[in-house]
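Residue strings, one per chain:
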Amino acid sequence: MTDEIKKNLGGGLAELPLDYRDYSFGATFAPINLNELAGKDFTIGERRISDQGVSDYCVGYSTCKAGEFHEDTDLTPEWTFAKIKQLTGDYHGWGADLRTGMKAGLQYGFLPKKHAPLSRETNGDIVRNWEQWSGFLDAYARDHKQQSYFSVDKNGYPSLFDALRAAIYGNLDKKHAIVTGALWRNEWTYADGGIIPKEYESNGFAHAFLLIGQKIINSEPYLVAQLSNGTDIGDNGKFYFPAVVINKELNYGNYMFVDMLKEEAKYLNENKLMNNWWGR
């Protein structure tokens, strides 16, 4: 890729504070037999690739897009980012961590784009201030509140890579994406065909994105990542991560919105685990 068409990507992913209240997806639901995933391409579906520009809104864009897949509705990432800032009480601060982004999806929901009076493109950085958004908009967002979220970790699987692809495969019908992030290397942006190399430079910036499926490349499974940086990078805005990179680099948290069945909620409650996910 030539210098003339290089692109500066916005980031905004903050370090994830340790919190033992995160409940493990792998420890809650029956494990997926990894043999079912062998040689299969699968994805939760297609949603429009967003472009956050050079902003620090990546957590807002990623959590909002995860809600979009699940709700099958065009949603407003700027409003989501403002609500994340409302949770922290500081709209001047840089970026956000993934857990706070997931909490915003539970507490406030997601605002349908058709009701959004503001956008980053026309209203600049004022959209990060929750006070710039009318409180009446909260009513439109409540219909898109998420029920719960879980941390997807290695628990019960040979590797983090296997746990992540199993969690996606086990929820294909519900279209649950995984919200994740990594220290995004500059060379990854220009990876041929969006295929992330197994060896790469050390410099980069923290960036949030989604994992939405698996793709077999040269007989090897890769996880499909969807970014919020437009369609002129990668494979029309998507990238493919090999297991070695996933297991090494996804150190900022891995979360999934999950609908709870009554029997699942009863199990958590009876085992005194309800506070790990409900009413956070």
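Use the structure listed above.
All figures in this text were calculated on a predicted structure; none of them were measured in a lab.

Visitor: Give a detailed account of the overall build of the protein, specifying residues and quantitative values.
Guide: Counting secondary structure elements, the protein contains 9 helices and 7 strands. The burial tally for the protein puts 56% of its 280 residues in the buried class. Looking at the protein alone, contacts between residues at least 24 apart form 75% of all its contacts between residues at least 6 apart. Element-wise, carbon and sulfur atoms account for 47% of the exposed surface of the protein, whose accessible area totals about 12600 Å².

Visitor: Kindly report on the nonpolar core, identifying the contributing residues and their values.
Guide: Formed by 73 residues in total, the largest nonpolar core has its most connected members in Leu-164, Trp-184, Leu-211 and Phe-241. Setting aside anything within four residues of it in sequence, one finds Phe-241 in contact with Phe-161, Trp-184, Trp-188, Ile-196, Phe-209, Tyr-222, Leu-223, Ala-225 and Ile-246.

Visitor: Talk me through the packing of helix H3 (residues 77-88) against helix H4 (residues 98-107); I want residue IDs and the actual numbers.
Guide: Remark: H3 packs on H4, axes separated minimally by 9 Å, with the N-to-C direction vectors making an angle of 100°. When the interaxial angle is binned, H3 and H4 end up roughly perpendicular. In this structure, H3 uses Lys-83, Ile-84, Leu-87 and Thr-88 to contact H4, whose residues at the interface are Thr-100, Gly-101, Lys-103, Ala-104 and Gln-107. A breakdown of the residues in the contact of H3 with H4 according to their chemical character gives 3 nonpolar, 4 polar and 2 charged.

Visitor: Give me helix H2 (residues 58-71): which residues, what numbers.
Guide: End to end, H2 covers 19 Å across 14 residues, agreeing with the expected 20 Å (1.5 Å per residue, within 8%). With 13 of 14 residues buried, H2 is to be regarded as a mostly interior element. Downstream of H2 by one or two residues, Asp-72 has phi in the positive range, about 55°.

Visitor: Describe the pattern of salt bridges, and please don't skip the residues or the numbers.
Guide: Throughout the structure, instances matching the rule amount to 13 salt bridges. The salt bridge partner of Arg-99 is Asp-22, with a shortest N-O separation of 2.9 Å. On the criterion of sequence distance, the pair formed by Arg-99 in helix H4 and Asp-22 in the segment before helix H1 (25-28) is long-range, its members being 77 residues apart. We note a salt bridge from Glu-249 to Arg-185, for which the minimum N-O separation is 2.8 Å. Within this pair, whereas Glu-249 is found in helix H8 (residues 243-249), its partner Arg-185 is found in strand S3 (residues 178-185), the two being separated by 64 residues in sequence. For Glu-249, a relative accessible area of 5% corresponds to the buried category.

Visitor: Tell me about the pairing of strand S6 (residues 238-242), and name the residues and values.
Guide: The buried fraction of S6 amounts to 5 of the 5 residues, a majority that puts the element mostly inside the structure. Burial along S6 is two-sided: Lys-238, Tyr-240 and Pro-242 facing one way and Phe-239 and Phe-241 facing the other are all buried. In this structure, strand S5 (residues 220-226) lies alongside S6, joined through 5 bridges in antiparallel fashion. Note that in S6 the partner of Val-224 across the bridge is Tyr-240.

Visitor: Residues and numbers for unusual backbone geometry, please.
Guide: The phi torsion at Asn-218 lies on the positive side, around 50°, for a residue other than glycine. In this structure, Ser-219 takes a positive phi of about 70° despite not being glycine. With respect to the helices, strands and loops of the structure, Ser-219 is situated in the loop between strand S4 (204-217) and S5.

Visitor: Run through the environment of Ala-243, naming residues and quoting values.
Guide: Along the chain, Ala-243 falls in helix H8. Counting along the chain gives 84 residues from Ala-243 to Ser-159, while the straight-line C-alpha distance between them is 8.7 Å. Leaving out residues up to four positions away in the same chain, Ala-243 has contacts with Phe-161 and Pro-221.

Visitor: Tell me about the pairing of S3, and please be specific about residues and values.
Guide: Burial analysis of S3 places 7 of its 8 residues in the buried class, which makes it a mostly covered element. Relative to S4, S3 runs antiparallel, the two being bridged by 8 bridges. When the bridges of S4 are listed, Val-179 appears paired with Leu-210.

Visitor: Tell me about the layout of surface pockets, residues and numbers included.
Guide: Of the pockets and cavities examined, the largest pocket occupies roughly 250 Å³. As for the largest pocket, its lining consists of 20 residues, and the residues nearest its centre are Leu-16, Asp-22, Ser-151, Asp-153 and Gly-253. Its residues placed into classes, the lining of the largest pocket shows 10 nonpolar, 6 polar and 4 charged.

Visitor: Report on the side chain of Ser-50, specifying residues and quantitative values.
Guide: Tracing the chain through its elements places Ser-50 in the loop between strand S1 (42-43) and H2. Owing to a relative accessible area of 8%, Ser-50 belongs among the buried residues under this scheme. At 3.3 Å, the side chain of Ser-50 and the side chain of Lys-65 are in polar contact. Sequence-distant contacts of Ser-50, defined by excluding residues within four places in its chain, comprise Tyr-61, Lys-65, Leu-227, Ser-228, Asn-229 and Gly-230.

Visitor: Describe the packing of H2 against H3, listing the residues and the values that go with them.
Guide: Packing of H2 against H3 brings their axes to within 8 Å, and their N-to-C directions diverge by 115°. As for the relative orientation of H2 and H3, their crossing is right-handed in sense. Mapping the contact onto sequence places Val-59, Gly-60, Tyr-61, Thr-63 and Cys-64 in H2 and Pro-77, Glu-78, Thr-80, Phe-81 and Ile-84 in H3.

Thresholds, definitions, all that
Residues numbered from 1 in each chain as written. Predicted model: local features only at pLDDT ≥ 70, side-chain atom pairs only at ≥ 80, totals over all residues. Heavy atoms only, no water. Helix = DSSP H or I, 4+ residues; strand = E, 2+ residues; numbered from the N terminus. Buried < 20%, exposed > 50% of the residue type's maximum accessible area, 1.4 Å probe, protein only. Contact = heavy atoms within 4.5 Å. Areas by Shrake-Rupley, 256 points an atom, 1.4 Å probe, with all protein chains shown as cover. Core = buried A, V, L, I, M, F, W, Y, C linked by side-chain atoms within 4.5 Å. Axes fitted to C-alpha atoms, helices over the stretch in contact; angles between N-to-C directions. Parallel < 35°, antiparallel > 145°, perpendicular 65-115°, else oblique. Nonpolar A, V, L, I, M, F, W, Y, C, P; charged D, E, K, R; others polar. Expected span 1.5 Å × (residues − 1). Salt bridge = Lys/Arg side-chain N within 4 Å of Asp/Glu carboxyl O. Pairing = 2+ DSSP bridges. 1 Å grid on protein atoms, 1.4 Å probe; cavity = no way out; pocket = protein on both sides within 12 Å on 5 of 7 lines; lining within 4 Å. Points joined across faces, edges and corners; volume = space filled by probe spheres on them. Polar contact = N/O pair within 3.5 Å; in protein donor to acceptor, adjacent residues only side chain to side chain. Left-handed = near helix turned anticlockwise from the far one by under 90°.

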